[in-house]
Amino acid sequence: SGRVVDVLVGAAGTGKSTAMRGAREAWECEHGPGSVVGLAPSAAAAEVLSDVVGIPTENTAKWLSESARNSLRLAEIDRLRAELYRASPSLGTRAMLHRARTITDEVQRWSLRSGQLVIVDESSMAGTFELDALIEQARTAGAKVLLVGDWAQLSSVCAGGAFQLLAKDRDDVPQLYEVRRFRHEWERAASVDLREGCADAADTYVDHGRVEGGDRESMLDLLYDAWRDDVRDGRRSLMIAGDSQTVLDLNNRARADRVGAGAVSPTGVETAAGSVVGVGDSVVTRRNQRDLASGRGWVKNGAQGTVTALRARGALEVRRPSGTGRAARPAPTGRAALGPRRSPP
C-alpha cells in the first residue's frame with residue numbers, strides 16, 4: 001500500500017500465523033533475509049511468533065526499552081573512538097575495541113533500518129503509546145509496521161484501543177474469515193457469532209450440550225470430574241475458575257487424587273498460595289525472567305513444565321512439556337516466579 005502502517009484482522013483460528021509466514025517470505029524475496037522483525041506484547045506470544053513465522057522476535061516493551069538506550073550507546077561509542085584514536089596498542093586498547101564492537105552490535109540489534117517490515121502480533125493487546133512510539137521509529141527509519149490481531153480479543157492492560165481504531169477506521173483492511181481451528185462445522189460458525197456478540201450464539205452451545213448449570217458445589221464437582229476423565233483418557237485438559245481460592249481448592253483436590261494414584265510425590269515445597277509442589281506436579285511460571293535459563297531460551301510468563309526432582313533449599317528441577325529442556329528452578333516462595341537459575345549439566 002505504500003503506508004507506514006497496515007493492519008491484518010482475523011478471528012481466532014483463521015490462519016493469521018500462516019498468513020504472516022507468507023508475508024515474511026514475500027517480503028524477504030524483495031528486501032533480503034533478515035528484513036522482517038517480529039514483535040508481540042508478551043514474551044510468550046513473541047516466542048510463538050518466532051516458531052511459526054521463523055524470524056527473531058522480542059516483546060514490544062523490551063524492544064522500546066532497549067532502542068531508547070541507543071542514544072547512550074552511541075555516545076559511548078563516540079567516547080571509545082576518541083580514546084582509541086590516541087591510544088597505543090595494548091591490552092587496554094584491545095578491551096576498548098572489543099567493547100566498541102559489542103556496543104555497535106547492540107545498536108544494530110535494537111534499531112530499525114530502511115526496507116524492514118515489523119510484524120506486531122496480538123496487536124490488540126499492545127498499548128496505544130507503545131504502538132505510537134514503534135510506528136514513529138519505523139517512519140524515521142523508512143521501515144513499515146504490520147499490525148496483526150483481532151479487535152474482539154483481549155485488549156491492552158494499559159491505555160489501548162489503537163488497533164481497533166485502525167481496523168474500523170479504514171475501509172480496505174484485509175480480514176481472514178474462514179475459521180480452521182475447530183473440528184465441528186457448527187462450532188466454527190458459533191465461535192464467529194460469539195466474537196460478534198450475537199446473543200443467539202449461547203443457544204447454539206446449549207443445544208450441543210456444551211453448557212451445564214447448577215449450584216456452585218455441583219458445578220465444581222462436574223468441572224473436576226470432566227477434567228479427571230480427560231486426563232485419564234490421555235487428553236490435555238484445563239480447569240478455569242474465577243477466583244484464586246477456587247483455583248487453590250481445585251489444585252489441591254487434583255494433587256490429592258494424583259498422589260493417591262502414585263503419579264505425584266506426596267512431599268514437596270509449599271508455595272505462598274498454600275499449595276504444595278513436588279515431583280510429578282505441573283507448574284506454570286508467573287513472570288518473565290531473562291537471567292533464568294530454560295533450554296535454549298529464558299523463562300517466560302506462562303511457561304509450563306513438570307517437576308522431575310527436588311534439590312537443596314527447595315529448588316526444583318523442571319522439564320518442559322516437549323521434553324527438550326531441563327532446568328533448575330529456585331524455591332517457589334513469596335510471589336516469585338518458578339524459574340530456572342541455570343541449565344543443569
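As a reminder, the structure under discussion sits directly above these lines.
The following paragraphs examine the structure supplied in this document. (Residues numbered from 1 in each chain as written. Predicted model: local features only at pLDDT ≥ 70, side-chain atom pairs only at ≥ 80, totals over all residues. Heavy atoms only, no water.)

Let's talk about the pattern of salt bridges
Two side chains with opposite charge may pair up if their charged atoms get near one another.
In step 1: Considering all chains together, one arrives at 25 salt bridges under this definition.
In step 2: For E66, the salt bridge identified is with R73, shortest N-O distance 2.3 Å. Each member of the pair, E66 together with R73, is buried.
In step 3: We note a salt bridge from D221 to R253, for which the minimum N-O separation is 3.1 Å. Here R253 lies in helix α11 (residues 244-260) and D221 lies in helix α10 (residues 216-232), a separation of 32 residues in the sequence. (Salt bridge = Lys/Arg side-chain N within 4 Å of Asp/Glu carboxyl O. Buried < 20%, exposed > 50% of the residue type's maximum accessible area, 1.4 Å probe, protein only. Helix = DSSP H or I, 4+ residues; strand = E, 2+ residues; numbered from the N terminus.)

A look at the pairing of strand β4 (residues 117-120)
In step 1: Alternating positions in β4 separate into two faces, L117 and I119 on one and V118 and V120 on the other, with burial throughout.
In step 2: Here strand β2 (residues 36-40) pairs with β4 via four bridges, running parallel. Looking at the pairing, G38 lines up with I119 of β4.
In step 3: Relative to strand β5 (residues 144-149), β4 runs parallel, the two sharing four bridges. Of the residues in β5, the one forming a bridge with L117 is K144.
In step 4: Once you follow β4 into helix α6 (residues 128-141) and on to β5, the crossover reads as right-handed. (Pairing = 2+ DSSP bridges. Right-handed = clockwise from strand over helix to strand, strands pointing away.)

A few points about the sheet that holds β5
What holds strands together in a sheet is hydrogen bonding between their backbones, with the strands either parallel or antiparallel.
In step 1: Taken in spatial order, the six strands make up an open sheet running β3-β2-β4-β5-β1-β6, and their pairing is parallel. The sheet is open, and its two borders are formed by β3 (57-59) and β6 (175-176), each paired with just one other strand.
In step 2: Along the sheet, helix α2 (residues 43-53) contacts β2, β3 and β4; its crossing angle with β3, the most-contacted strand, is approximately 165°. (Contact = heavy atoms within 4.5 Å. Axes fitted to C-alpha atoms, helices over the stretch in contact; angles between N-to-C directions.)

Description of the packing of α10 against α11
In step 1: Put simply, α10 and α11 touch, their axes get as near as 11 Å, and they point 45° apart. The pairing of α10 with α11 is recorded here as oblique in orientation. Viewed along their axes, α10 and α11 form a crossing whose handedness is right-handed. Here α10 contributes R216, L220, D221, L223, Y224, D225, W227 and R228 to the contact with α11, which in turn contributes T246, L250, R253, A254 and D257. (Parallel < 35°, antiparallel > 145°, perpendicular 65-115°, else oblique. Left-handed = near helix turned anticlockwise from the far one by under 90°.)

Some points on the packing of helix α1 (residues 16-31) against α2
In step 1: As a packed pair, α1 and α2 sit with axes 9 Å apart at the nearest point and diverge in direction by 60°. If you check the angle between α1 and α2, you find them oblique. Classified by chirality, the crossing of α2 by α1 is right-handed. Residues S17, M20, R21 and R24 of α1 pack against L49, V52 and V53 of α2.
In step 2: Here the contact of α1 with α2 is composed, by residue class, of four nonpolar, one polar and two charged. (Nonpolar A, V, L, I, M, F, W, Y, C, P; charged D, E, K, R; others polar.)

Digging into the packing of aromatic side chains
In step 1: In this structure the tally under the stated criterion is three aromatic pairs.
In step 2: Summarising the aromatic geometry, the rings of W63 and W110 are spaced 5.7 Å apart at their centres and angled 65° between planes, so their arrangement reads as edge-to-face. One end of the pair, W63, is in helix α3 (residues 60-68); the other, W110, is in the loop between α5 (91-109) and β4, and 47 residues separate them in sequence.
In step 3: The exposure class assigned to W63 is buried, which follows from its relative accessible area of 4%.
In step 4: A cation sits over an aromatic face here: K168 above W151, 4.1 Å from the ring centre. (Phe/Tyr/Trp six-rings, centres within 6.5 Å; stacked < 30°, edge-to-face > 60°. Lys NZ or Arg CZ within 6 Å of the ring centre and 35° of its normal.)

Keep in mind that these numbers describe shape and distance, not what the molecule does.
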